[in-house]
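# Per-entry structural report
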Amino acid sequence: MSAAPQHAPKMAQLSLSDRLGPWMPVLLIPILIVLGFLAIPSTSSWLTLTVSGLAMGMMIFIMASGLTLVFGLMDVINFGHGAFVSVGAFVGISILLMLGHMTEAPSLVLNLLAVLAAVLVAMLATGAMGWAFERVIVKPVYGHHLKQILVTVGGLIVVEQLIIVFWGPEEIYLMRPEALQGAITFAGAALEKYRLVAVGVGLVVFAAMRFVLRRTKIGLIVRAGVENGEMVQALGYRLRLVFVGVFIAGSALAGLGGVMWGLYQEVITAHMGNQAMILIFIVVIIGGLGSVEGCFIGALLVGLMQNYVAFLEPKVALISNIGLMVAILMWRPMGMIPVVKAK
Amino acid sequence: MQNRLLSGDMPRSTVLALILGAILLCLAFAPFLFPGVRSVDTAARICIFIVLVASYDLMLGYGGIVSFAHTMFFGIGAYGVALASTHMGRGFDALLVGSASGALVAAALALVIGLFSLRVPAIFFAMITLAVASAVAVPVSQLSNLTGGEDGLTFQTPRALGPAFKFGDELFGVRLNGKLLAYYFVFVGALVLFLLMLRVVNSPFGRVLQAIRENDFRAEAIGYRVVFYRVAATCLSAAIAALAGSLYAVWLRYVGPDTTLSMELMIDILLMVVIGGMGTMYGAVIGATLFVVAQNYLQNLMGAASDAVAAVPVLPELLNADRWLLWLGVLFILSVYFFPTGIVGRLRGARA
């Protein structure tokens, strides 16, 4: 009998940094909010900025989530995603303008009905457009990144020009419905109602997406498809069909984001999707391509950063987001929550 | 001699050779063949865009790298000349300093972006360049005391390149003034840069780039440092784009965010490269010529067509002169699908 080995196994707890590691991306949001609190002298303006940052982040998330899933699932990079944002905004706002009598009425129910109608029509329109876009533009260039980028940019140009054909080249100004105008005062800070609503809608969309992805069969197939598409196909699922579905859903969400963005800015132009694309790309990159959670965190970070910095130093607002992207990519080159293996 | 000048990259198609020869002749004698301010301006633009588009093709067509920051480099060159001329006074030394420093800054920036994006998946490169380019355009339009903001900068080029400078009487009915010299300054500069790029892409370096474009994994396996070649191509392309920007600034004697940095310009470049033909320098020549001529003259045609169908609904709107980008976009998508090698590829293929 030999003696028991000297190196008895120890049950040591993981060090704090090891345990925090996986949560780091999530913790970044409160850290940024606290940093904002320290940097901004007045508490009330900090609160206002935090709410508007969160609202902006939620809207960017809604616009970006489809893009990240589409890439994760089918390795398709869609530079024309912004087109859905613009079309959604134009369709939705046109409906709102048509329902002018409902949006100007002081009744909350009528206002909400009008907004709901606008959102539904916009989502239907962009969903249908997404289906057509996938068929005509994206399908012939599967598996070819260079061509995908070129062709989707071409699609973006065509859609932008078509918007100008149908709605004219001038920007359209609009008023938010009665119930969404104005602000409420909380702890001395003026919080615009619309921004609170945007935060709420964003949370609902995120929760719904998480539910679908985590708790349903279709979500399981989508997640498995992102992890390893070939295996899912080998098991007998028609991944192409799933992909088309995700593309349509993503386009419809971009349309929703477009309507919300248009109501937020109170002006819409044919180029708004193109401009939103820049923030969307930053968000998708820092979140990690293919990850909905990463996209959500990234969007909130970008929204908060943009608002804080725009308050402290207006001139460097957009650069600050580039800085954020650089810092995060230095830390995690594949984005915060990488899902897709390097391809 | 001819072979040496073109670095052994002959047009390899009679039609293509004729078209290229015609373009060269037209550009070389543009002030005499097409007198008039507007047509000479068009010719100068064509020269500059040929260089700019060719430098983009160096990255896209030869290296397979998609960048959306090309106008940023173009703008850096243009602003370099503008700032140097504003602060050093009008003179050729200012032009030299401005364009050299512009090219250096552009190459350095390309190096930083290139090295940074090596850490991340290749697909990020296009997105990162898009974000960086739009971020750079913002301070340029905001730092109005340095860059003139949205209004841009108007500055003076050396006296010898201005219309007030006369060095003789008329020749074939064309006034021999500084504007003529400025045109030939642009033309010669563009020609030299173009031949230089033709040399680069037909060198062993260019061949390696093409190998990387076709199959980077294999190129790496053969023993080429893919990363080094990609970054080098990006830097070179950025420096040449900056020089094209300098030429543009010299020609216009003005720089502004809209003329040098806008996203529209980037899309124009993309259209020119793809329609002309990716992966050949001659594609840049044909694409740029076709595009600039179309930009200047096709619009009138479309306007006429729009008036002709005024009775039909929607059609006039679709044919409106301002909607020409719509049709180019459609043409762009079709050409990516059906003739990805562009006009030049078609012409060369027809012969074979």
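Scroll up for the structure.
My aim in this report is to walk through the structure given alongside it, one point at a time. (Residues numbered from 1 in each chain as written. Chains lettered and ligands numbered in written order. Predicted model: local features only at pLDDT ≥ 70, side-chain atom pairs only at ≥ 80, totals over all residues. Heavy atoms only, no water.)

## Remarks on a negative patch on the surface
- Residues Glu150, Asp151, Asp258 and Glu264 of chain B make up a contiguous surface patch of negative charge.
- Along the chain, the position of Glu264 of chain B falls in helix 14 (residues 263-276). (Patch = residues over 30% accessible without salt bridge, like charges linked within 9 Å, V, L, I, M, F, W, Y side chains within 5 Å. Areas by Shrake-Rupley, 256 points an atom, 1.4 Å probe, with all protein chains shown as cover. Salt bridge = Lys/Arg side-chain N within 4 Å of Asp/Glu carboxyl O. Lys, Arg positive; Asp, Glu negative; His and termini not counted. Charge placed at Lys NZ, Arg CZ, Asp CG, Glu CD. Helix = DSSP H or I, 4+ residues; strand = E, 2+ residues; numbered from the N terminus.)

## So, the pattern of salt bridges
Residues and elements named next belong to chain A.
- With the rule as written, the count across this model stands at nine salt bridges over all chains.
- Taking the shortest distance from any N to any O, the salt bridge between Arg210 and Glu293 comes out at 2.9 Å. Residue Arg210 is found in helix 8 (residues 193-215), and its partner Glu293 is found in helix 13 (residues 292-312); the two are separated by 83 residues along the sequence.
- Residue Arg210 is classed as partly exposed on the basis of its relative accessible area, which comes to 35%. (Buried < 20%, exposed > 50% of the residue type's maximum accessible area, 1.4 Å probe, protein only.)

## Some points on the packing of aromatic side chains
All names here are of chain A.
- Following the criterion strictly, the structure yields 23 aromatic pairs over all chains and no others.
- With 6.2 Å between their ring centres and 90 degrees between their planes, Phe84 and Phe247 make a pair best called edge-to-face. Placement of Phe84 in helix 4 (residues 81-98) and of Phe247 in helix 11 (residues 239-265) is noted, with a sequence separation of 163 residues between them.
- Ring centres of Phe243 and Phe247 lie 6.0 Å apart, and the angle between their planes is 65 degrees; on these two criteria the pair is classed as edge-to-face. Residue Phe243 and its partner Phe247 are located together in helix 11, separated by four residues, close to a single helical turn. Pair check on accessibility: Phe243 and Phe247 agree, each one buried.
- We note Arg332 situated over the ring of Trp331; from NZ or CZ to the ring centre the distance is 4.5 Å. (Phe/Tyr/Trp six-rings, centres within 6.5 Å; stacked < 30°, edge-to-face > 60°. Lys NZ or Arg CZ within 6 Å of the ring centre and 35° of its normal.)

## Overview of the environment of Leu252 of chain B
- With respect to the helices, strands and loops of the structure, Leu252 of chain B is situated in helix 12 (residues 226-252).
- In the structure, Leu252 of chain B is positioned 194 residues away from Leu58 of chain B in sequence and 26 Å away in space, judged by C-alpha atoms.

## What to know about a nonpolar patch on the surface
All names here are of chain A.
- A surface patch of nonpolar side chains, amounting to about 940 Å² of accessible area, comprises Leu16, Leu20, Trp23, Val26, Leu27, Ile31, Val34, Leu35, Phe37 and Leu38.
- Within the residue set of the nonpolar patch, elements represented by two or more residues are helix 1 (16-20) and helix 2 (24-39).
- Counting residues per element, the nonpolar patch draws most heavily on helix 2, at seven residues.
- On the secondary structure map, Leu27 appears in helix 2.
- Owing to a relative accessible area of 30%, Leu27 belongs among the partly exposed residues under this scheme.

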